[in-house]
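# Chains, contacts and geometry: an overview
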Amino acid sequence: MTDSSPLRSGRGFPLGILMLNLFIALLGQGMVIPILPQYLQEFDAAGTAAGYLVAAFGAAQFIFSPIGGRMSDRFGRKRMILAGLFLTVISDYIFAVSYNLPALYIARFIGGIGLGIMVPSVLAYVADVTTQQTRAKGMGYLSAAMNLGMVLGPGLGGLIATYGIRVPYLVAAALGLVATIMTLWLKETLPQERRTAAIQGSNKPQTSMLQQLGQSFHRPYFRYLLLILVMTFGLMTYETVYSLYVEQQYGFTASEIAIIITLGAIVGIVVQVWLLDRVIRWLGEYRLIRLSLVVTAVALLLMLIPVNLGYLLAVSALFFAFNAFLRPTVNTLLANHAGDDEQGFVAGLNTTYGSIGSIIGPVVAGTLFDKHIELPYIVGAIILIATLALVRETSARQTRSKPISTDDHAS
């Protein structure tokens, strides 16, 4: 590890650019959410079309995340970050200027590709420039930047939409272009010899993405990938039916619901920026993950007790705080247990498993909600508690004792 690490040397410029990249990418995604139903009215479309648009984005991210991770190992982190950002710019621009639904589907699919190949490269970049001691802090900063983008996006999108229903998409494209230009100043962190070795290895017999997912089942770090899936599933279960549940259970207005979600997300950001590193040093990764799984499960069950707005704010803050501990801590374990030549590949799998959770979570939550409004939270809590069985402590050396061959992760 060189002294160029922004967290070790005190020069936070590379990490700052990466945080800005993820912030802008997720800000753009968040900006379009509140205006999408009104925007679709121009196409005489409604909920079904919106569902397909969300599915197109998730499917593209699912397909291209492992591809982006492998390409990051072969061609470098910087190139893939640049490519991913530029694809999000194209996606937002097409969405802004399109006048037919097929073009919107194409735009969303392109956006999913962009995020799918960018996020694994960003995670691998941070793993390259940090040590095991500083990695958790770097992952926490990235998660905080993503959360902040999602928190500010909807409100900003609604405000900008007063100037025109298509303006938020143009603004999102412009912000993405700025982030792309700034990324040109990033230094590549993957040495040329490792890129050459990865390219040479790609000439061996190739396996499909489904085969690679199957192979991941037998890897020592598979349980951490499964944790990513379960955490994303739990978060999406919470968020998907939250507004409907609170409206029916408490009779809260949309503004009150927005306050609860925003304050909860802000708590999560504070946790990731100022508390994560300290708590990991105090408890260690494994104990923190176990504690967070238990507390988030308890918070889901506490949601079922109707009291008042203050109570709901406290429960939401509890859920968001410990959910904020989970993802960067598990990301850190994945990075630590991956070999030096596998950071991009494992980061791609990380994003893929998260995408699976984000696809099945809303479907399951919505189906359960229609059966009984409390079922999504009960089932989510049970799954989180069951996941405790996955969290058993092993050393990074033990996990890397059986490295992945090049054949295993060729595209």
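Starting afresh in each chain, residues are numbered from 1 along the sequence in its written order. Given that the model is predicted, a residue must reach a pLDDT of at least 70 before its local features are reported, and side-chain atom pairs must reach 80 or more before they are shown or counted; all residues, however, enter totals for whole chains, interfaces and linings. To get the side-chain values, take all heavy atoms of the structure and skip hydrogens and water.

### Comments concerning the overall build of the chain
Helix and strand definitions here come from DSSP, where helices need a minimum of 4 consecutive H or I residues and strands a minimum of 2 consecutive E residues; each element is numbered from the N-terminal end. The helix and strand tally for the chain stands at 18 helices and 0 strands. The contacts in the chain between residues at least 6 apart in sequence include a share of 86% that link residues at least 24 apart. Computed by Shrake-Rupley with a 1.4 Å probe, the accessible areas treat only the displayed protein chains as cover when residues are assessed. Split by element, the accessible area of the chain, about 17,400 Å² in all, is 66% carbon and sulfur. Only heavy atoms enter the contact rule, under which two residues are in contact if any of them lie within 4.5 Å.

### Re the environment of Leu156
Looking at the element boundaries, Leu156 is found in helix H7 (residues 135–160). Along the primary structure Leu156 and Pro168 are separated by 12 residues, whereas in three dimensions their C-alpha atoms are 8.3 Å apart. If near-sequence neighbours (up to four positions away) are discounted, Leu156 is found in contact with Leu27 and Met31.

### Things to note about a nonpolar patch on the surface
Like charges within 9 Å and nonpolar side chains (Val, Leu, Ile, Met, Phe, Trp, Tyr) within 5 Å are joined into patches, using only residues over 30% in relative accessible area that form no salt bridge. Salt bridge, as used here, is a side-chain nitrogen of Lys or Arg placed within 4 Å of a carboxyl oxygen of Asp or Glu. The grouping of Ile259, Leu263, Ile266, Val270, Trp274 and Leu275 at the surface amounts to a nonpolar patch, some 540 Å² of accessible area in total. Relative to the assigned elements, Leu263 resides in helix H13 (residues 254–283).

### Observations regarding the packing of helix H14 (residues 285–302) against helix H17 (residues 375–386)
As a rule, the C-alpha atoms of each element are fitted with a line to give its axis, helices using only the stretch in contact, and angles between N-to-C directions run from 0 to 180 degrees. Interaxial distance between H14 and H17 falls to 8 Å at its minimum, and their mutual angle equals 165°. Considered as vectors, H14 and H17 are oriented roughly antiparallel to each other. Both H14 and H17 take part in a crossing whose hand is left-handed. Contacts between H14 and H17 pair Leu293, Val294, Thr296, Ala297, Leu300 and Leu301 from the former with Tyr377, Ile378, Gly380, Ala381, Leu384 and Ile385 from the latter. In this classification, Asp, Glu, Lys and Arg are treated as charged, Ala, Val, Leu, Ile, Met, Phe, Trp, Tyr, Cys and Pro as nonpolar, and every other residue, Gly included, as polar. Here the residues of the contact of H14 with H17 are counted per class, giving 10 nonpolar, 2 polar and no charged. Roughly parallel means an angle under 35 degrees; roughly antiparallel, over 145; roughly perpendicular, 65 to 115; everything else is oblique. Should the near helix be turned anticlockwise from the far one by less than a right angle, the crossing is left-handed, and should it be turned clockwise, the crossing is right-handed.

### Describing the environment of Val364
Here Val364 shows up in helix H16 (residues 343–371). Classification of Val364 by relative accessible area gives partly exposed; the value is 30%. Note on classification: 1.4 Å probe, protein chains only; a residue is buried when its accessible area is under 20% of the maximum for its type, exposed when over 50%, partly exposed between these limits.

### What to know about the side chain of Thr296
In this fold, Thr296 is placed in helix H14. Taking the relative accessible area as the measure of exposure, Thr296 reaches 1% and is therefore buried. When residues no more than four places from it in sequence are discounted, the contact partners of Thr296 are Phe319, Phe322, Asn323, Leu326 and Leu384.

### Regarding the pattern of salt bridges
Tallying each qualifying case throughout the model produces 4 salt bridges. Residue Glu42 is joined to Arg166 by a salt bridge in which the shortest nitrogen-to-oxygen separation is 3.1 Å. One end of the pair, Glu42, is in the loop between helix H3 (36–41) and helix H4 (47–75); the other, Arg166, is in the loop between H7 and helix H8 (167–183), and 124 residues separate them in sequence. Residue Glu42 is classed as partly exposed on the basis of its relative accessible area of 44%. Members of the salt-bridge network, linked through shared partners, are Asp73, Arg77 and Asp128.

### Focus on helix H6 (residues 101–129)
Think of an α-helix as 3.6 residues a turn; residues three or four steps apart then line up on the same face. In a regular helix each residue adds 1.5 Å, so 29 residues correspond to 42 Å; H6 covers 42 Å between its end C-alpha atoms and thus fits that length. Across the 29 residues of H6, 24 count as buried, placing the element largely inside the fold. At the N-terminal end of H6, a side-chain oxygen is found 3.0 Å from the backbone nitrogen of Ala103, two or three residues along, and the residue is Asn100. Given the number of residues in a helix, its expected span is that number minus one, multiplied by 1.5 Å. Counting of polar contacts relies on pairs of N or O atoms within 3.5 Å, with two restrictions inside protein: one atom must be capable of donating a hydrogen and the other of accepting it, and residues adjacent in sequence are counted only when both atoms are side-chain atoms.

### A short note on H17
In a regular helix each residue adds 1.5 Å, so 12 residues correspond to 16 Å; H17 covers 16 Å between its end C-alpha atoms and thus fits that length. Within H17, burial applies to Pro376, Tyr377, Gly380, Ala381 and Leu384. When H17 is viewed along its axis, its buried side chains cluster within an angular range of 125° and face the same direction. Turned more than 90 degrees away from the buried face of H17, the exposed residues are Ile382 and Ala386. Throughout, the arc means that of the directions going from the helix axis to the C-beta atoms.

### Points about the side chain of Glu285
Tracing the backbone through its elements, the reader meets Glu285 in helix H14. Apart from the residues within four sequence positions on either side, Glu285 is in contact with Ile280, Thr329, Thr332, Leu333 and Asn336.

### What about the packing of aromatic side chains?
In summary, the pairing rule links any two rings of Phe, Tyr or Trp, Trp by its six-membered ring, whose centres are within 6.5 Å, and it sorts them by plane angle into stacked for under 30 degrees, edge-to-face for over 60 and tilted for everything else. Per the stated rule, a full pass over the model turns up 7 aromatic pairs. Their ring planes at 85° and their centres at 6.3 Å tell us that Phe64 and Phe109 sit as a pair that is edge-to-face. Here Phe64, found in helix H4, pairs with Phe109, found in helix H6; they are 45 residues apart in sequence, far enough to count as distant. Ring geometry for Tyr245 and Tyr377: centres 5.2 Å apart, planes at 65°, overall edge-to-face. Of this pair, Tyr245 sits in helix H12 (residues 242–250) while Tyr377 sits in helix H17, and the two are 132 residues apart along the sequence. When its relative accessible area of 0% is taken as the criterion, Tyr245 is described as buried. You can call Tyr377 buried: its relative accessible area is 0%. Following the ring pairs from residue to residue traces out a cluster consisting of Phe217, Phe222 and Tyr353. The ring of Tyr99 carries the charged tip of Arg166 above its face, separated from the ring centre by 3.9 Å. We count a charge as sitting over a ring when the NZ of a lysine or the CZ of an arginine lies within 6 Å of the ring centre and within 35 degrees of the ring normal.

### Remarks on the packing of helix H5 (residues 77–97) against H8
Where H5 contacts H8, the two axes come as close as 8 Å, and the packing angle between them is 165°. Comparing the axis directions of H5 and H8 gives the class roughly antiparallel. Two packed elements cross with a definite hand, and for H5 against H8 that hand is left-handed. Where H5 approaches H8, its residues Lys78, Ile81, Leu82, Leu85, Phe86, Val89, Asp92, Tyr93, Phe95 and Ala96 are matched on the opposing element by Tyr169, Leu170, Ala172, Ala173, Gly176, Leu177, Ala179, Thr180 and Thr183. In terms of residue class, the contact of H5 with H8 is built from 14 nonpolar, 3 polar and 2 charged.

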